[in-house]
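# Report on the structure
The lines below spell out each chain.
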Amino acid sequence: MPVKLCRFELKSAPGQARSGMVYSGKIYETDGANPVAVHEAEDVRPLAPIPLPPSLRIFRSDCQADPLEGTEEDPRFFYGNPASVVGSGLVIPFPEFAVEVGVVPCIAAILLADGFRVDLAEADDLILGYTLVNFVVAKEVERAERRSGSGFGRSHDIAAAIGPVITTPEELEDELNLQGKGRHYQLTSILRVNGVEVGRGTTDDLPFTFAQAIQSASQSCPLRAGDVIALGPIAELESGEITIGPEDQVQLAVEKLGTLSLLLSPRSELAYE
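Residues numbered from 1 in each chain as written. Predicted model: local features only at pLDDT ≥ 70, side-chain atom pairs only at ≥ 80, totals over all residues. Heavy atoms only, no water.

## Remarks on the overall build of the protein chain
- Tallying secondary structure elements over the protein chain gives 3 helices and 18 strands in all.
- For 273 residues, the compact-globule estimate of 2.2 N^0.38 gives 19 Å, and the protein chain sits close to it at 18 Å.
- Buried positions account for 50% of the 273 residues belonging to the protein chain.
- Considering only residue pairs separated by 6 or more positions, the protein chain has 70% of its internal contacts joining residues 24 or more positions apart.
- A total accessible area of about 12,800 Å² is found for the protein chain, and carbon and sulfur atoms account for 50% of it.
- Looking at the protein chain, you have 22 positive and 40 negative side-chain charges, and the mean spots of the two groups are 4 Å apart. (Helix = DSSP H or I, 4+ residues; strand = E, 2+ residues; numbered from the N terminus. Rg over C-alpha atoms; globule rule 2.2 N^0.38 Å. Buried < 20%, exposed > 50% of the residue type's maximum accessible area, 1.4 Å probe, protein only. Contact = heavy atoms within 4.5 Å. Areas by Shrake-Rupley, 256 points an atom, 1.4 Å probe, with all protein chains shown as cover. Lys, Arg positive; Asp, Glu negative; His and termini not counted. Charge placed at Lys NZ, Arg CZ, Asp CG, Glu CD.)

## With respect to empty space enclosed by the protein
- Enumeration according to the criterion identifies 1 cavity of 30 Å³ or more in this entry.
- In terms of residue class, the lining of the largest cavity is built from 6 nonpolar, 3 polar and 1 charged. (1 Å grid on protein atoms, 1.4 Å probe; cavity = no way out; pocket = protein on both sides within 12 Å on 5 of 7 lines; lining within 4 Å. Points joined across faces, edges and corners; volume = space filled by probe spheres on them. Nonpolar A, V, L, I, M, F, W, Y, C, P; charged D, E, K, R; others polar.)

## A few points about helix α3 (residues 210-217)
- Counting buried residues along α3, 7 of its 8 residues qualify, which places the element largely inside the surrounding structure.
- Residues of α3 that are buried: Phe210, Ala211, Gln212, Ala213, Ile214, Ser216 and Ala217.
- Its buried side turned inward, α3 meets β6 (56-60), β10 (101-111), α1 (120-123), β11 (127-138) and β15 (228-232).
- The backbone nitrogen of alanine 211 has a side-chain oxygen 3.4 Å away, supplied by the residue at the start of α3, namely threonine 209. (Polar contact = N/O pair within 3.5 Å; in protein donor to acceptor, adjacent residues only side chain to side chain.)

## A few points about the sheet that holds strand β17 (residues 249-254)
- In space, the 6 strands of this open sheet follow the order β9-β18-β17-β13-β14-β16, with mixed pairing throughout. Among the strands making up the open sheet, the edge pair consists of β9 (91-93) and β16 (236-237).
- Across 6 bridges, the pairing between β17 and strand β18 (residues 258-265) is antiparallel. Counterpart to leucine 252 in the pairing with β18 is leucine 260. (Pairing = 2+ DSSP bridges.)

## A look at the pattern of salt bridges
- Applying the stated criterion across every chain yields a total of 12 salt bridges.
- Salt-bridge contacts for glutamate 171 lead to lysine 4; the nearest nitrogen and oxygen are separated by 3.3 Å. Separated by 167 residues along the polypeptide, glutamate 171 in the loop between β12 (159-167) and β13 (188-193) and lysine 4 in strand β1 (residues 4-10) bring together distant segments of the chain.
- A salt bridge links glutamate 29 to arginine 18; the shortest N-O distance between them is 3.3 Å. Within this pair, whereas glutamate 29 is found in strand β3 (residues 26-30), its partner arginine 18 is found in strand β2 (residues 13-23), the two being separated by 11 residues in sequence.
- Judged by its relative accessible area of 8%, glutamate 29 is buried.
- Look at the salt bridges and you will find they share partners, linking Arg60, Asp62 and Glu142 into a network. (Salt bridge = Lys/Arg side-chain N within 4 Å of Asp/Glu carboxyl O.)

## Examining the side chain of serine 88
- Following the sequence through the fold, serine 88 ends up in the loop between β8 (85-86) and β9.
- Serine 88 gets classed as buried once you look at its relative accessible area, which sits at 7%.
- Separated by 3.1 Å, the side chain of serine 88 and the backbone nitrogen of serine 261 make a polar contact.
- The residues contacting serine 88, other than those within four sequence positions of it, are Pro46, Ile162, Pro164, Thr259, Leu260 and Ser261.

## Some details on the nonpolar core
- One finds Leu191, Ile214 and Leu231 to be the most contacted residues of the largest nonpolar core, which totals 51 residues.
- In this structure, Ala108, Phe135, Phe152 and Ile162 belong to the second largest nonpolar core, which totals 19 residues. (Core = buried A, V, L, I, M, F, W, Y, C linked by side-chain atoms within 4.5 Å.)

## Some remarks on the environment of asparagine 81
- When you line up the elements, asparagine 81 lands in the loop between β7 (78-79) and β8.
- Given a relative accessible area of 27%, asparagine 81 falls into the partly exposed group.
- With 28 residues separating them in the primary sequence, asparagine 81 and proline 53 have C-alpha atoms 9.3 Å apart.
- Each residue touching asparagine 81, except ones within four places of it in the same chain, is listed here: Leu56 and Asp157.
- There is a polar contact of 2.9 Å between the side chain of asparagine 81 and the backbone nitrogen of alanine 83.

Right, here's the structure in full:
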(Lines give C-alpha, C1' and ligand atoms only; values in the text may rest on other atoms or scores of the structure.)
Protein backbone atom coordinates (compact mmCIF):
# COMPACT_ATOMS: atom_id res chain seq x y z
CA MET A 1 0.00 0.00 0.00
CA PRO A 2 1.46 3.40 -0.98
CA VAL A 3 2.11 5.53 2.10
CA LYS A 4 3.51 8.96 2.91
CA LEU A 5 4.94 8.98 6.43
CA CYS A 6 5.46 12.18 8.40
CA ARG A 7 6.43 13.74 11.70
CA PHE A 8 4.78 16.97 12.78
CA GLU A 9 3.65 19.15 15.62
CA LEU A 10 0.34 20.91 16.04
CA LYS A 11 0.51 24.68 15.82
CA SER A 12 -1.72 24.75 18.88
CA ALA A 13 0.69 22.50 20.83
CA PRO A 14 4.26 23.33 19.71
CA GLY A 15 7.13 21.25 21.02
CA GLN A 16 5.28 17.93 21.01
CA ALA A 17 6.45 15.73 18.14
CA ARG A 18 3.81 13.47 16.59
CA SER A 19 3.87 10.93 13.77
CA GLY A 20 1.41 9.76 11.19
CA MET A 21 0.52 9.53 7.51
CA VAL A 22 -0.56 12.01 4.85
CA TYR A 23 -3.60 11.09 2.78
CA SER A 24 -5.92 13.24 0.62
CA GLY A 25 -4.57 16.45 2.10
CA LYS A 26 -5.12 15.42 5.72
CA ILE A 27 -2.71 14.19 8.38
CA TYR A 28 -3.69 10.98 10.13
CA GLU A 29 -1.91 10.83 13.48
CA THR A 30 -0.94 7.39 14.84
CA ASP A 31 0.85 6.07 17.90
CA GLY A 32 2.94 3.87 15.64
CA ALA A 33 0.28 1.23 15.18
CA ASN A 34 -3.16 2.64 16.00
CA PRO A 35 -5.01 5.75 14.74
CA VAL A 36 -5.13 8.67 17.16
CA ALA A 37 -6.60 11.69 15.37
CA VAL A 38 -7.08 13.42 12.01
CA HIS A 39 -5.69 16.93 11.43
CA GLU A 40 -6.06 19.51 8.69
CA ALA A 41 -2.82 20.40 6.88
CA GLU A 42 -3.02 24.06 7.91
CA ASP A 43 -3.10 23.06 11.59
CA VAL A 44 0.28 21.32 11.63
CA ARG A 45 3.94 22.21 11.17
CA PRO A 46 6.12 19.54 9.51
CA LEU A 47 9.14 18.22 11.35
CA ALA A 48 12.09 16.32 9.93
CA PRO A 49 10.74 12.81 9.16
CA ILE A 50 13.99 11.45 10.63
CA PRO A 51 14.98 13.79 13.51
CA LEU A 52 18.48 12.43 14.23
CA PRO A 53 19.58 9.73 11.78
CA PRO A 54 22.36 7.35 12.87
CA SER A 55 24.35 8.55 9.86
CA LEU A 56 24.03 10.87 6.88
CA ARG A 57 25.92 9.79 3.76
CA ILE A 58 26.11 12.14 0.79
CA PHE A 59 26.79 10.84 -2.73
CA ARG A 60 27.39 13.87 -4.95
CA SER A 61 27.64 12.98 -8.63
CA ASP A 62 29.61 16.19 -9.27
CA CYS A 63 32.31 15.06 -6.82
CA GLN A 64 33.05 11.58 -8.16
CA ALA A 65 36.55 10.68 -9.29
CA ASP A 66 37.03 9.61 -12.88
CA PRO A 67 37.57 5.83 -12.92
CA LEU A 68 40.64 4.37 -14.52
CA GLU A 69 40.17 3.37 -18.14
CA GLY A 70 38.51 0.00 -18.41
CA THR A 71 37.41 -0.03 -14.75
CA GLU A 72 34.24 0.82 -12.85
CA GLU A 73 34.61 2.32 -9.40
CA ASP A 74 31.98 2.24 -6.66
CA PRO A 75 30.15 5.52 -6.03
CA ARG A 76 31.99 7.63 -3.45
CA PHE A 77 30.41 9.40 -0.51
CA PHE A 78 31.26 11.66 2.40
CA TYR A 79 29.52 12.07 5.73
CA GLY A 80 27.20 14.88 6.68
CA ASN A 81 26.37 15.91 10.23
CA PRO A 82 23.16 14.26 11.57
CA ALA A 83 22.88 17.13 14.08
CA SER A 84 22.43 19.55 11.17
CA VAL A 85 19.15 17.91 10.09
CA VAL A 86 16.11 20.23 10.22
CA GLY A 87 12.53 19.97 9.00
CA SER A 88 10.84 21.64 6.07
CA GLY A 89 9.86 25.29 6.44
CA LEU A 90 12.21 26.12 9.29
CA VAL A 91 14.18 29.35 9.53
CA ILE A 92 17.91 28.74 9.35
CA PRO A 93 20.25 31.41 10.74
CA PHE A 94 22.57 32.74 8.06
CA PRO A 95 26.07 31.44 8.97
CA GLU A 96 28.29 34.26 10.23
CA PHE A 97 31.48 32.55 9.01
CA ALA A 98 30.26 32.20 5.40
CA VAL A 99 30.71 34.72 2.58
CA GLU A 100 28.86 32.82 -0.16
CA VAL A 101 26.04 30.39 0.57
CA GLY A 102 24.43 27.98 -1.86
CA VAL A 103 22.41 24.77 -1.78
CA VAL A 104 22.85 21.20 -2.99
CA PRO A 105 19.41 19.66 -3.76
CA CYS A 106 19.24 15.89 -3.28
CA ILE A 107 16.88 12.94 -3.13
CA ALA A 108 17.40 10.62 -0.17
CA ALA A 109 16.55 7.08 0.87
CA ILE A 110 15.73 6.21 4.48
CA LEU A 111 16.79 2.70 5.51
CA LEU A 112 14.39 0.43 7.38
CA ALA A 113 16.88 -2.25 8.47
CA ASP A 114 20.54 -2.87 9.23
CA GLY A 115 22.87 -4.26 6.59
CA PHE A 116 26.52 -5.14 6.04
CA ARG A 117 28.20 -5.98 2.74
CA VAL A 118 24.83 -5.81 1.04
CA ASP A 119 24.43 -7.50 -2.32
CA LEU A 120 23.29 -5.20 -5.13
CA ALA A 121 20.22 -7.34 -5.83
CA GLU A 122 19.07 -7.00 -2.20
CA ALA A 123 19.96 -3.34 -1.58
CA ASP A 124 16.60 -1.83 -2.56
CA ASP A 125 14.88 -4.08 0.00
CA LEU A 126 16.56 -2.05 2.77
CA ILE A 127 14.76 1.16 1.75
CA LEU A 128 11.78 2.31 3.82
CA GLY A 129 11.08 5.23 1.51
CA TYR A 130 12.32 8.38 -0.17
CA THR A 131 12.43 12.03 0.79
CA LEU A 132 14.16 15.29 -0.16
CA VAL A 133 17.28 16.85 1.33
CA ASN A 134 18.56 20.35 0.56
CA PHE A 135 22.00 21.03 1.96
CA VAL A 136 22.93 24.62 2.80
CA VAL A 137 26.58 24.96 1.81
CA ALA A 138 29.30 27.57 2.45
CA LYS A 139 30.67 27.77 -1.08
CA GLU A 140 34.01 29.43 -0.37
CA VAL A 141 34.70 26.85 2.35
CA GLU A 142 33.76 24.08 -0.07
CA ARG A 143 36.26 25.41 -2.62
CA ALA A 144 38.98 25.51 0.05
CA GLU A 145 38.19 21.92 1.04
CA ARG A 146 38.43 20.84 -2.59
CA ARG A 147 41.83 22.50 -2.95
CA SER A 148 43.18 20.94 0.23
CA GLY A 149 41.92 17.48 -0.63
CA SER A 150 40.68 17.07 2.95
CA GLY A 151 37.13 16.16 1.93
CA PHE A 152 33.97 18.07 2.71
CA GLY A 153 33.24 18.98 6.31
CA ARG A 154 32.42 22.44 7.61
CA SER A 155 31.11 23.58 4.22
CA HIS A 156 28.17 21.15 4.57
CA ASP A 157 27.72 21.62 8.32
CA ILE A 158 25.23 24.52 8.27
CA ALA A 159 21.94 22.71 7.75
CA ALA A 160 20.42 19.74 5.98
CA ALA A 161 16.73 20.47 5.43
CA ILE A 162 14.87 17.17 5.03
CA GLY A 163 11.27 16.22 4.24
CA PRO A 164 8.50 17.01 4.08
CA VAL A 165 7.45 13.33 4.12
CA ILE A 166 8.81 9.84 3.49
CA THR A 167 7.23 8.33 0.38
CA THR A 168 7.22 4.54 0.21
CA PRO A 169 8.48 2.80 -2.96
CA GLU A 170 4.99 1.52 -3.83
CA GLU A 171 3.85 5.07 -4.58
CA LEU A 172 6.61 5.53 -7.16
CA GLU A 173 6.11 2.36 -9.18
CA ASP A 174 4.72 4.27 -12.18
CA GLU A 175 7.97 6.26 -12.40
CA LEU A 176 10.24 3.23 -12.13
CA ASN A 177 12.96 2.69 -14.72
CA LEU A 178 14.66 -0.66 -14.17
CA GLN A 179 18.28 -0.58 -15.31
CA GLY A 180 19.59 -3.83 -13.90
CA LYS A 181 21.45 -2.00 -11.12
CA GLY A 182 18.51 -1.31 -8.84
CA ARG A 183 15.51 1.00 -8.92
CA HIS A 184 15.94 4.21 -10.87
CA TYR A 185 13.12 6.76 -10.85
CA GLN A 186 12.17 9.37 -13.44
CA LEU A 187 11.07 12.25 -11.24
CA THR A 188 11.20 15.89 -12.31
CA SER A 189 12.77 18.33 -9.82
CA ILE A 190 12.51 22.12 -9.68
CA LEU A 191 14.56 24.49 -7.52
CA ARG A 192 13.15 27.95 -6.77
CA VAL A 193 14.52 30.94 -4.87
CA ASN A 194 11.91 33.48 -3.74
CA GLY A 195 9.42 31.87 -6.11
CA VAL A 196 11.64 32.15 -9.20
CA GLU A 197 12.83 28.96 -10.89
CA VAL A 198 16.62 28.77 -10.89
CA GLY A 199 17.19 25.11 -11.71
CA ARG A 200 15.52 22.00 -13.03
CA GLY A 201 16.44 18.36 -13.50
CA THR A 202 15.35 14.76 -13.20
CA THR A 203 16.41 11.99 -10.87
CA ASP A 204 16.89 9.82 -13.95
CA ASP A 205 20.05 11.83 -14.71
CA LEU A 206 21.84 10.50 -11.62
CA PRO A 207 24.76 8.30 -12.73
CA PHE A 208 24.11 5.61 -10.10
CA THR A 209 21.19 4.13 -8.20
CA PHE A 210 20.41 3.93 -4.51
CA ALA A 211 21.13 0.21 -4.71
CA GLN A 212 24.67 0.95 -5.94
CA ALA A 213 25.12 3.58 -3.22
CA ILE A 214 23.89 1.22 -0.49
CA GLN A 215 26.10 -1.58 -1.72
CA SER A 216 29.12 0.74 -1.77
CA ALA A 217 28.46 2.23 1.68
CA SER A 218 27.89 -1.15 3.30
CA GLN A 219 31.26 -2.62 2.31
CA SER A 220 33.25 -0.80 4.98
CA CYS A 221 30.76 -0.25 7.82
CA PRO A 222 27.38 -1.70 8.83
CA LEU A 223 24.37 0.33 7.81
CA ARG A 224 21.70 1.03 10.44
CA ALA A 225 17.95 1.44 10.31
CA GLY A 226 17.23 5.16 9.98
CA ASP A 227 20.41 5.93 8.03
CA VAL A 228 19.98 8.58 5.33
CA ILE A 229 21.55 8.04 1.90
CA ALA A 230 21.44 11.24 -0.17
CA LEU A 231 22.07 11.40 -3.94
CA GLY A 232 22.42 14.61 -5.89
CA PRO A 233 22.45 17.24 -7.10
CA ILE A 234 19.09 16.63 -8.78
CA ALA A 235 18.61 20.11 -10.28
CA GLU A 236 20.91 21.73 -12.83
CA LEU A 237 21.26 25.44 -12.13
CA GLU A 238 20.35 27.69 -15.06
CA SER A 239 23.22 30.10 -14.38
CA GLY A 240 25.73 27.43 -13.39
CA GLU A 241 25.56 28.39 -9.71
CA ILE A 242 23.50 30.52 -7.36
CA THR A 243 24.22 32.43 -4.18
CA ILE A 244 21.51 32.88 -1.58
CA GLY A 245 21.39 35.41 1.22
CA PRO A 246 19.47 36.44 4.33
CA GLU A 247 15.68 36.47 3.91
CA ASP A 248 15.86 34.24 0.82
CA GLN A 249 13.36 31.39 0.65
CA VAL A 250 14.44 28.23 -1.19
CA GLN A 251 12.04 25.55 -2.39
CA LEU A 252 12.90 22.15 -3.81
CA ALA A 253 9.91 20.46 -5.47
CA VAL A 254 9.98 16.90 -6.80
CA GLU A 255 6.90 15.24 -8.25
CA LYS A 256 5.30 12.68 -5.90
CA LEU A 257 7.79 13.55 -3.12
CA GLY A 258 6.45 17.02 -2.28
CA THR A 259 8.02 20.43 -1.73
CA LEU A 260 10.81 21.11 0.76
CA SER A 261 11.21 24.72 1.91
CA LEU A 262 13.80 26.60 3.92
CA LEU A 263 14.31 30.25 4.83
CA LEU A 264 17.61 31.94 5.66
CA SER A 265 17.57 34.69 8.26
CA PRO A 266 20.26 36.27 10.46
CA ARG A 267 17.79 37.29 13.12
CA SER A 268 15.96 34.08 14.04
CA GLU A 269 16.96 31.34 16.40
CA LEU A 270 16.61 27.72 15.38
CA ALA A 271 16.12 24.90 17.86
CA TYR A 272 17.60 21.76 16.33
CA GLU A 273 15.71 18.61 17.25
